[in-house]
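Each chain, letter by letter, is given below.
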Amino acid sequence: MNPVNYLYLSALLFTIGATGVLIRRNAIVLFMCIELMLNACNLAFVTFSRMHGSLDGQIIAFFTMVVAAAEVVVGLAIIVSLFRTRHSASVDDASLMKL
Amino acid sequence: MENLIALLIAAPLLGAAVLLCGGRRLDAVGHWLGTFLAGASFVLGAVLFTDMLGKAADARTVTQHLFSWIPVAGFQADVTFRLDQLSMTFVLLITGVGSLIHLYSIGYMEHDERRRRFFGYLNLFLAAMLLLVLADNYLLLYVGWEGVGLASYLLIGFWQHKPSAATAAKKAFLVNRVGDMGLSIAIMLMFTTFGTFAFGPVLDSADKVGEGRLTAIGLMLLLAACGKSAQVPLQSWLGDAMEGPTPVSALIHAATMVTAGVYLIVRSGAIFNAAPDAQLVVTVVGAVTLLFGAIVGCAKDDIKKALAGSTMSQIGYMVLAAGLGPIGYVFAIMHLVTHGFFKAGLFLGAGSVMHGMNDEVDMRRYGGLRTYMPVTFVTFGLGYLAIVGFPGLSGFFSKDKIIEAAFAKGGTEGWILGGAALLGAAITAYYMTRVMIMTFFGEKRWQPDEQGNEPHPHESPGVMTIPMIVLAVGSVFAGGFFSLGDRFLHWLEPVTGHAEGNSPVSAMTVTAATLVLLVVGAGIAYVQYGRRPVPAVAPRGSLLTRVARRDLLQDDFNHVVLVRGGEHLTRSLVYVDHTLVDGVVNGTAASVGGLSGRLRRLQNGFARSYAVSMFGGAAVLVALTLLMRAV
Amino acid sequence: MSFPLLTATAVLPAVGAVATAAVPAARRTTAKWLALLFSLATLVLAAVIAVRFEPGGARYQLAESHAWIKDFGVRYELGVDGIGVALVALTALLIPFVILAGWHDADPLETGSRRWRPTQGFFALILAVEAMVILSFEATDVFLFYIFFEAMLIPMYFLIGGFGDRAHEHGEQAAATQRSYAAVKFLLYNLAGGLIMLAAVIGLYTQAGNFSLPEIAQARANGSLHLATSTERWLFLGFFFAFAVKAPLWPLHTWLPNAMGEATAPVAVLITAVVDKVGTFAMLRFCLQLFPEASKWATPAILVLALISILYGALLAVGQRDIKRLVAYASISHFGFIILGIFAMTSQGQSGATLYMVNHGISTAALMLVAGFLISRRGSRLIADYGGVQKVAPVLAGTFLVGGLATLSLPGLAPFVSEFLVLVGTFTRHPAIGIIATFGIVLAALYVLVLYQRTMTGPVKAEVAKMPDLRVRELVVVAPLIALLIFLGVYPKPVTDIVNPAVRQTMSDVHQTDPQPEVEAAK
């Protein structure tokens, strides 16, 4: 099977994730969309690794997973504490850190 | 003996310092202290004079070096004094007339609570004026030059609570500053030309320099002289200067300071001798001013302003003579000295009249005062005869010589200058006769002032009349004494040089013409003011009269061109500074602030809009990268 | 090793600043006396420097040199030439008067008021400025100079912004707004200048490899350090820009009227008589020595700007309604003269310019401090609010007049000597510019006399009728300044003797000789 199709899939997933980030308000959904984008990238890395016959892409995919895991820990903690104080998971309500 | 020169200046300077810093404790004795120190300076001057007479005519110049003043590479200004026949003449005139006027002021300023300060200023003036005539270089002369300007400023504005006095003082200083500019440029020119500005080296090597350079120096010196001596075009301050107390007008604005310009020109004779163009300008300025002053003098009803016009005119004679070169220098100085006597006497007489008339200055409110103030009348009358050139009195000798010298210049110029001088003599006779008649003859015209105080004309006390009498004696005899055997000529010759001219008109003719014109001028005045009653309110008068009353529109000119123009200039510059120069800076600041305000709006706090910009940015970057590849 | 006299002269006021600031808040008077004492002690040290200095000796005397930042070749190097001695002495001389004149400027607004006025801070800041100004006159390391040149802005900023004049026609709130505007403007202007200079300092380092002024100047003179023409010009402009802001030269002058107008009179004196002198001093020391060719290249433009400063400053002074702003614009005119003298490139001009810095300091101090006394009595800076003061306070009026006459350079007073030297020095090389500059003396007479006439003469205004004459403290401030003005006007030799050798060296740095007179006059 032509590996380029995986790249198309990766681009599709990334676009879905990006659109989700831009149009959804709910922090949890936002978060999942970001994960989707990250995984789309992972897919692209792995595909390229296969296409070029080198392991670099797969190694980076592991790194990305580690980063994503760390991000989930920190991000979810923020979202939970935000929900506790403001009783809402909408990101638009959390706009106090501006000038 | 020459070590005493500095003392001449030191005495009045000490007086000024003590009187001005001494405070109220000195109020009781201040005026005597001031007069004593002025007198001391005169005595010292007399001692030095007798000493000088004992020497041979060509060995009379002595100098005293005090200290090095401004030593900078190549620029050596020393405090050195030079006493020669020319400065000796001035020293005696300044300290002599000065002492008399100090004495007079004791009486005149008796009721002024600030009398001590007045004497302090007078002493300051004497010191500065002596410095002016004793300096051995132009820069030191400049110090005296501005020093007398300062004293004049302080004294004109002595009654500072009167806005008119304060304005007049400021005007005098400013107009003089314009002249001072000329002096400083002249000194700078001398420095670049000769590498020095000491009298000796400059005047001795004047003939080695090109004529153009000397003409420039001469014209700049003339500008300075015009400022100090109230010559056209810098004449406008002298009339207003009469706001000062009358002794000041007598000493500073008649006898001494205003003649400093003549001194400067005569002192710089070597420069002018080698620059005929500059000389011509000097004579023209002198001739124009002598007519200008005389015409103004004819129209004024204020006795002091009439005399001020006369002063201007008489100094015009001196400047004219000084512009004629070696033939005129001696007569310029001789007229200066005799003028010092009779004009100081006239002013003191005017002061005496005012003193008796509740400070009234309008001659239309005088009349018939001869019986009330006999001493004043006689001394003033003698001064009057002297100034109009009555045969045998001082003015006759000195003025006639100047008119003769003017004709002797030769050519058309000679005729024009001589004619102007003759015409001036006629006008002098007219306006002085007018003053005399309006003040001392006719019926009484005085009225109560606004407070209803009727003036009670009375003769002034002895402390005032004695100086007047001394000056009157001087006005009668000085001219004859000087002219006898050409004494004055021989006295000054070693300094000024001398030349005989070939006059197209004989001396007798000139004298006869002067006398005829004297009679004509005085006669017209008699017909106008002696034969008919003088109206208490000035009639409208002819156009010339009205223009002359306004000082021939000098102030109108100054007002329109300088004051208005200057106001517009400064106002628009203030505007420019605020809006343009400062505006650029504030504008930069404001635009930086505005820009950051705009940028701030992007930071709206919505995470998703940040995300949009991130995606947008990333998309642009990717697009650019691809585009670069494609190209 | 001999006693580090130069360091001591700067450290003493710095210690004084710390000591003054450490005095407990309640003991204001102690703090004032302490500050005065330290400033007087500094004056004594400055006098020792002036006495120890040998006019004919080495160029930089009493030199000190220690390694500081080795990696960049920055050294702690001090040394004074004649010009430096004169200006250190001027600074040390003026500070006690500034402190004494500002004795009550930082007192609490009213007794029992809860608003805190840091009296201690005011005097500490003045001493801090003194320390830094003295160091910048003494530093012979370019980087060291730069540090103090910039650092003095900080205490000045607080002095202007924190202790400004409360007299304002639109009330205290407007005064506060104006004050912070003035302080920020002062800071921004000078920081901008300093920043550009920093770039030039670094540029110089990349070319020369060290910061030592004597070493670089020597290398420049003997040809071992050659700068490309354009490099030299850029570096020159970088330095000159900073100094021209500080001096200030038209059109970089607009911060001065604001700063001097809003600051109290003693602080205004500090700005114009002391701090600004660093700018003109640095032009003489750094611009001419380090970049002689570029200096010559820029001379025509600078002379024109100086000429504009002279006339423009004077004309604007005529148009002012505010006494302090008038003095500020007069100062701009005077700085024009100083810069004219420096760049006339003649001995007379440069000696005159140095003398001018000293004399302008004294004369402006006299005029401004008396003006401050006047303003503190009436609570207004507007000329129109005064009239007839002469009648009620003759001594005040008299000293004001003397200050004014010094400002208009009356012969017999010190500024005349310097102004005339500058004019002559300019005239010998550039006659036209010399003549136009002479118009400045007429305008000076105009603004001084108009100011005097409007405030001191005429009928007594009701508001000034009860005005007290000068008090003893105020007289103690003014009398010595006036005495000094007269003394230096009659006998400026002590200063010229110190300055002349330094000027001779500067002239040889820029490879200039004085124009010779046309005719060798018979001596």
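Structure's up top.
This section reports on the structure supplied with the text. The structure presented is a predicted model; accordingly, all values stated were derived computationally and were not measured.

For chain B, the count of helices and strands is 24 helices and 2 strands. Each of the three principal axes of chain B carries a C-alpha extent, and together these read 115 × 65 × 60 Å. Of all 631 residues assigned to chain B, the portion counted as buried reaches 58%. Summarising the internal contacts of chain B: among those between residues at least 6 apart in sequence, 80% fall at separations of at least 24. When the accessible surface of chain B is split by element, carbon and sulfur atoms take 67% of a total near 23,400 Å². One way to put it: in chain B the 44 positive side-chain charges average out to a point 10 Å from where the 40 negative ones average out.

Before going further, it helps to examine the pairing of strand 1 (residues 62-72) of chain B. The pairing of strand 1 of chain B with strand 2 (residues 75-83) of chain B spans 9 bridges and is antiparallel. What sits directly across from Pro71(B), in strand 2 of chain B, is Gln76(B).

Bringing a nonpolar patch on the surface into the picture now. The grouping of Met1(A), Tyr6(A), Leu9(A), Leu12(A) and Ile16(A) at the surface amounts to a nonpolar patch, some 540 Å² of accessible area in total. Structurally, the position occupied by Leu9(A) is in helix 1 (residues 4-23).

Our focus in this paragraph is the arrangement of the chains. Inter-chain contacts occur across 2 pairs of chains; the most extensive set of contacts lies between chains B and C. With no contact formed, the shortest span from any C-alpha in chain A to any C-alpha in chain C equals 23 Å.

A word on the packing of aromatic side chains. Residue and element names in this part refer to chain B. Scanning the model with the defined rule gives 46 aromatic pairs over all chains in all. On the numbers, 5.9 Å between centres and 20° between planes, the contact of Tyr 104 with Tyr 108 is stacked. Note that Tyr 104 and Tyr 108 are positioned in helix 3 (residues 85-108) at a spacing of 4 residues, about one turn of the helix. Overall, the relative accessible area of 0% leaves Tyr 104 in the buried class. In this structure Tyr 108 comes out as buried when scored by relative accessible area, which is 8%. Note that Arg 114 overlies the ring of Phe 158, its terminal NZ or CZ placed 4.6 Å from the centroid. Residue placement shows Arg 487 over the ring face of Phe 481; its charged tip is 4.2 Å from the ring centre.

This part is about the side chain of Ser331(C). All names here are of chain C. With respect to the helices and strands, Ser 331 occurs in helix 13 (residues 323-343). Accessibility expressed as a relative area gives 1% for Ser 331, which makes it buried. For Ser 331, the residues in contact, after removing those within four places along its chain, are Leu 256, Met 260, Thr 272, His 360 and Thr 364.

Turning next to the packing of helix 4 (residues 119-138) of chain C against helix 11 (residues 265-290) of chain C. Two quantities define a packed helix pair, namely the angle between the axes and the distance from one axis to the other. All names here are of chain C. Interaxial distance between helix 4 and helix 11 falls to 10 Å at its minimum, and their mutual angle equals 15°. Of the possible angle classes, the one that applies to helix 4 and helix 11 is roughly parallel. Taken as a pair, helix 4 and helix 11 cross one another with a handedness that is left-handed. Touching Phe 122, Ile 126, Val 129, Val 133, Ser 136, Phe 137 and Glu 138 of helix 4 are Val 267, Leu 270, Val 274, Val 275, Lys 277, Val 278, Phe 281 and Arg 285, all from helix 11. Taken together, the residues that form the contact of helix 4 with helix 11 break down as 11 nonpolar, 1 polar and 3 charged.

Let us look at the interface of chain B and chain C. Taken together, the contact pairs 56 residues of chain B with 67 residues of chain C. With both sides pooled, the region where chain B packs onto chain C buries about 5,300 Å², and carbon together with sulfur makes up 70% of that total. Counting the contacts that link chain B with chain C gives 2 salt bridges. Ionic pairing is found between Lys391(C) and Glu113(B), a salt bridge with its closest N-O pair at 3.5 Å. Viewed at the interface, chain C and chain B are joined by 17 residue pairs in polar contact (both at pLDDT 80 or more). Elements supplying a minimum of two residues to the side of chain B that touches chain C: strand 1, helix 5 (138-156), helix 6 (163-194) and helix 23 (554-602) of chain B.

Bringing helix 21 (residues 507-530) of chain B into the picture now. Residue and element names in this part refer to chain B. Helix length check: helix 21, at 24 residues, gives a terminal C-alpha distance of 32 Å against a target of 34 Å (1.5 Å per residue), a fit within 8%. When we look at burial in helix 21, the residues that qualify are Val 510, Thr 511, Thr 514, Leu 518, Gly 521, Ala 522, Ala 525 and Tyr 529. Buried residues along helix 21 sit against helix 16 (374-388), helix 17 (394-408) and helix 18 (411-440).

The next thing to look at is the environment of Val450(C). Mapped onto the fold, Val450(C) is located in helix 18 (residues 431-456). Judged by its relative accessible area of 14%, Val450(C) is buried.

Parameters at a glance
Within each chain, residues carry numbers counting from 1 in the order of the written sequence. Naming scheme: in the order in which they are written, chains are lettered from A and ligands are numbered from 1. With the structure being a predicted model, the display of local features is reserved for residues of pLDDT at least 70 and the display and counting of side-chain atom pairs for 80 or more, all residues being used for whole-chain, interface and lining totals. Processing note: side-chain calculations cover all non-hydrogen atoms of the structure and skip hydrogens and water entirely. Where helices and strands are cited, they refer to DSSP runs of H or I of at least four residues and of E of at least two residues respectively, numbered from the N terminus. Accessible area is worked out with a 1.4 Å probe on protein chains only. A residue is then buried under 20% of its type maximum, exposed over 50%, and partly exposed in between. Note on contacts: a residue pair qualifies if any of its non-hydrogen atoms lie within 4.5 Å across the two residues. Using a 1.4 Å probe, the Shrake-Rupley method yields the accessible areas, and only the shown protein chains count as cover for residues. We count Lys and Arg on the positive side and Asp and Glu on the negative side, and we leave His and both chain ends out. Every charge is mapped to an atom, namely NZ of Lys, CZ of Arg, CG of Asp or CD of Glu. One bridge is not enough; two strands pair if DSSP finds at least two bridges between them. Patch members must show over 30% relative accessible area and no salt bridge, and they are joined within 9 Å when carrying like charges or within 5 Å when they are nonpolar side chains of Val, Leu, Ile, Met, Phe, Trp or Tyr. Just to be clear on terms, a salt bridge is a Lys or Arg side-chain nitrogen sitting within 4 Å of an Asp or Glu carboxyl oxygen. Each Phe, Tyr or Trp ring (for Trp, its six-membered ring) is paired with any other whose centre lies within 6.5 Å, and the angle between the two planes then decides the class: stacked below 30 degrees, edge-to-face above 60, tilted in between. The criterion is that NZ of a Lys, or CZ of an Arg, lies within 6 Å of the ring centre and within 35 degrees of the ring normal, and then a charge sits over that ring. Comment: axis = line fitted to C-alpha atoms, over the contacting stretch for helices; angle = value between 0 and 180 degrees taken between N-to-C directions. Working definition: roughly parallel below 35 degrees, roughly antiparallel above 145 degrees, roughly perpendicular at 65 to 115 degrees, and oblique for all remaining angles. If you view the pair so one helix is near and one far, a crossing is left-handed when the near helix is turned anticlockwise from the far one by less than a right angle, and right-handed when it is turned clockwise. Amino acids are sorted into nonpolar (Ala, Val, Leu, Ile, Met, Phe, Trp, Tyr, Cys and Pro), charged (Asp, Glu, Lys and Arg) and polar (every other residue, Gly among them). By buried area we mean how much accessible surface two parts lose on assembly, using a 1.4 Å probe and totalling the loss over both. Each polar contact in these results corresponds to two N or O atoms within 3.5 Å; when the atoms are within protein, one needs to be able to donate a hydrogen and the other to accept it, and residues that are neighboring in sequence are counted only if both atoms are side-chain atoms. A helix is expected to reach a length of 1.5 Å times the quantity of its residues less one.

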